[in-house]
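Analysis of the macromolecular model
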Amino acid sequence: MGRKIAAGNWKMNGSRAALAEITALIDAHPSPNVETVICPPATLISFAADQAQGHDLTIGAQDCHASVTGPHTGDLSAYMIHEAGATHVILGHSERRADHGETSDMVLDKVKAARRVGLRPIVCAGEDLSERESGNAVEIVTEEVLASLPDDTDGSVVVAYEPIWAIGTGKTAELADIAEMHGAIRAALTDRFGAEIADEIKILYGGSVKPDNAADIFAVANVDGALVGGASLKAVDFSAIITALELA
Ligand code: PGA
């Protein structure tokens, strides 16, 4: 089945010192059932991968380009990220869909590129507030997930459900809504890829996960971990979330 996943999305934040701090806490609080992934800014990937050696920590990127090489100033290919030492890559985060106009078609190409070099994609999808209020969130999100995943998807692919209105706002989705959405995503994955693969795919929840709500969220069916933004920048908070997942 593979381990549950606690992934920290540092966004455009973080430092070398912060990496040392979280690594020390991970060492002090072993979590054998949890894979911990830190996704720092690209400038820190190589350093972070070196630091993670010998610790129960893996490193991810926050994006990659769909092409292998080429005239794309400022972009990084999946191969480059992999060579820098990353094993995972967040793709289709709502901030990239909003800030960089990424469509599910573009995310799909990035997922394919990541898989070609052996990077484990963490594919994000989520509804905005008006979509939640329209009552169509489940259809919108499951469609976004499926549109972002290639036909050869297997159990190494990770999906993250992140309601946009819950990201960085301190608001979390109701537990019943998380249960409904994660169940619907699992069912959609089963329909498309079969039960064996769908059961292997980890479905993470993201959106204001904190030490004080983590245990409740991790108790929800079909929640296999979390994608954590703000709270992953505070080593003590992220460590508490990892422990909550270990105990779930
Ligand atoms: P948050 O961010 O935990 O700060 O809400 C989650 C994310 O954007 O992945």
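Before reading on, note that the structure itself is shown above.
Here's a quick rundown of the structure. (Residues numbered from 1 in each chain as written. Predicted model: local features only at pLDDT ≥ 70, side-chain atom pairs only at ≥ 80, totals over all residues. Heavy atoms only, no water.)

**Thoughts on unusual backbone geometry**
The backbone of S208 shows a phi angle near 55°, a positive value even though the residue is not glycine. For S208, the location among the structural elements is in the loop between β7 (202-206) and α10 (211-218). (Helix = DSSP H or I, 4+ residues; strand = E, 2+ residues; numbered from the N terminus.)

**Considerations on the pairing of strand β6 (residues 158-161)**
On β6, burial covers both faces: V158 and A160 on one face and V159 and Y161 on the other are all buried. Note: strand β5 (residues 120-125) against β6, four bridges, orientation parallel. Bridge pairing links I122 to V158 in β6. As defined by bridge partners, β6 adjoins β7 across four bridges and the pair is classed as parallel. Residue A160 lies in a different strand from β7, and its bridge partner there is L204. (Buried < 20%, exposed > 50% of the residue type's maximum accessible area, 1.4 Å probe, protein only. Pairing = 2+ DSSP bridges.)

**Describing the site of the ligand**
The full set close to the ligand counts 13 residues, and K11, H93, E162, G168 and S208 are the nearest of them. The contact in question runs from an oxygen atom of the ligand to an N or O atom on the side chain of N9, over 3.5 Å. One of the side-chain N or O atoms of E162 is found 2.6 Å from an oxygen atom in the ligand. Protein chains bury 97% of the 280 Å² of accessible surface belonging to the ligand in isolation. Of the residues belonging to the shell around the ligand, the class tally is four nonpolar, seven polar and two charged. (Near = heavy atom within 4 Å. Polar contact = N/O pair within 3.5 Å; in protein donor to acceptor, adjacent residues only side chain to side chain. Areas by Shrake-Rupley, 256 points an atom, 1.4 Å probe, with all protein chains shown as cover. Nonpolar A, V, L, I, M, F, W, Y, C, P; charged D, E, K, R; others polar.)

**Quick word on the pairing of β7**
Most of β7 sits out of view: five of its five residues are buried. Here β7 shows a buried face lined by K202, L204 and G206 and a second buried face lined by I203 and Y205. Judged from the two bridges that link them, β7 and strand β8 (residues 225-228) form a sheet pairing that is parallel. Looking across to β8, one finds that G206 is bridged to L227. In this region the chain leaves β7, passes through α10 and returns to the parallel neighbour β8; the handedness of that crossover is right-handed. (Right-handed = clockwise from strand over helix to strand, strands pointing away.)

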